[in-house]
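Residues per chain are reported as follows:
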Amino acid sequence: MITKEATEVAPTPVSVPTETERRPRRKHRAWDEAPRWQIYLPLSIYLVFTLIPFYWILLFALRPAGSTSLVPWPVTFDHFDKVWTDRSFGTYFQNSLLVGVATLVMTTVVALAGGYALARFDFKIKQAFMLALLCSQFVPGALLLVPLFEIFAELQMINSLGSVILAETVFQLPLSMILISNFIKNVPYSLEEAAWVDGCNRMTAFRIVVLPLLRPGLIAVGSFAFVHSWNHFLFALMFLNNQDKQTIPVGLNTLMSADSVDLGALAAGGIIAAVPVVIVFAFIQKWLITGFSAGAVKG
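Residues numbered from 1 in each chain as written. Predicted model: local features only at pLDDT ≥ 70, side-chain atom pairs only at ≥ 80, totals over all residues. Heavy atoms only, no water.

## Quick word on the confidence of the model for the protein chain
The predicted structure's coordinates, where accompanied by low pLDDT, should not be read in detail.
Point 1. On average, residues of the protein chain score 81 in pLDDT, and 84% of them are at 70 or above.
Point 2. Looking over the protein chain, one finds the lowest element-wise mean pLDDT in helix H1 (residues 4-7), namely 48, and the highest in helix H6 (residues 89-120), namely 91.
Point 3. Scored below 50 in pLDDT, residues 294-299 makes 17 contacts in the model with residues more than four places away or belonging to other chains. (pLDDT = per-residue confidence, 0-100. Helix = DSSP H or I, 4+ residues; strand = E, 2+ residues; numbered from the N terminus. Contact = heavy atoms within 4.5 Å.)

Take a look at the structure:
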């Protein structure tokens, strides 16, 4: 006779997973299995090819004239003194700085107003206007030099820094306006509505709520407007005649002639022209990364 106790099934022991088993398995990726040298070798080669031109410029700028040494020793700053005083690079630097800062301010302010209108308002020709902004980026500036020269001549703005500033601002506005509008779209519209409920008008709500969130976008747009106007050559060459009105790119061109090129002075002038751009990007690097990756906020 089978008893009740015999029919009972013994409980199955429960195994407790160990610490190793509880950890999620890591997915194997192709670059995890690649040897380190396959990663660092191409990066090292790329770094060498990138740094050699910069070292070559420093070499010509710091070594004495006529020297063929591959090491800038003894170090001399005669080339910098020559281009800054004898070649009027001090004046060129001031003119370029004025053009760059003015273009930055005007581009940022106008692009901010236009970008807000594109992001928050709907009107009949909005799509056509956006298409026109995009198409304007395919037109090279060299094609418009003659019409712009005629316009500035009628306005008596030839040989004035204002003509270069105005031309640089106009050419920077389409892309800047599109970028700013995308940043504003990332800001939730409910934030502005909440400010309106609290008694703010549209301008006050924009200044208090939206504008602080647009800081990465404004810095990105302003920095590229400054760098482009600082390095642009054609507008300054066409619209400025007097030497005391020229900018640094035109000044660098005067160091080269048909018969000879002063390599030491040219290298020193190139370093002077590159220093402000390097400083700008060194200070705003984190804002550029934030601006182009995450936008203003996550909607």
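## Examining the packing of helix H9 (residues 161-185) against helix H12 (residues 215-231)
Point 1. Here H9 crosses H12 at 160°, and the two axes come no closer than 10 Å. As summarised for this structure, H9 and H12 are arranged roughly antiparallel, according to the angle between their axes. At the point where H9 passes H12, the crossing takes the right-handed sense. In this structure, H9 contributes Glu168, Gln172, Ser176, Leu179, Ile180 and Phe183 to the contact, and H12 contributes Gly217, Leu218, Val221, Phe224, Ala225, His228 and Ser229.
Point 2. Along the lines of polarity and charge, the residues of the contact of H9 with H12 split into seven nonpolar, five polar and one charged. (Axes fitted to C-alpha atoms, helices over the stretch in contact; angles between N-to-C directions. Parallel < 35°, antiparallel > 145°, perpendicular 65-115°, else oblique. Left-handed = near helix turned anticlockwise from the far one by under 90°. Nonpolar A, V, L, I, M, F, W, Y, C, P; charged D, E, K, R; others polar.)

## Overview of the nonpolar core
Point 1. Within the largest apolar cluster, 20 residues are counted, with the highest numbers of intra-cluster contacts made by Ala61, Phe80, Val83, Phe89, Trp230, Ile248 and Leu252.
Point 2. Contributions of two or more residues to this core are made by helix H4 (36-62), helix H5 (78-86), H6, H12, helix H14 (248-254) and helix H15 (263-293).
Point 3. Ignoring any residue separated from it by four or fewer positions in sequence, one finds Phe80 in contact with Ala61, Leu62, Ala268, Ile271 and Ile272. (Core = buried A, V, L, I, M, F, W, Y, C linked by side-chain atoms within 4.5 Å. Buried < 20%, exposed > 50% of the residue type's maximum accessible area, 1.4 Å probe, protein only.)

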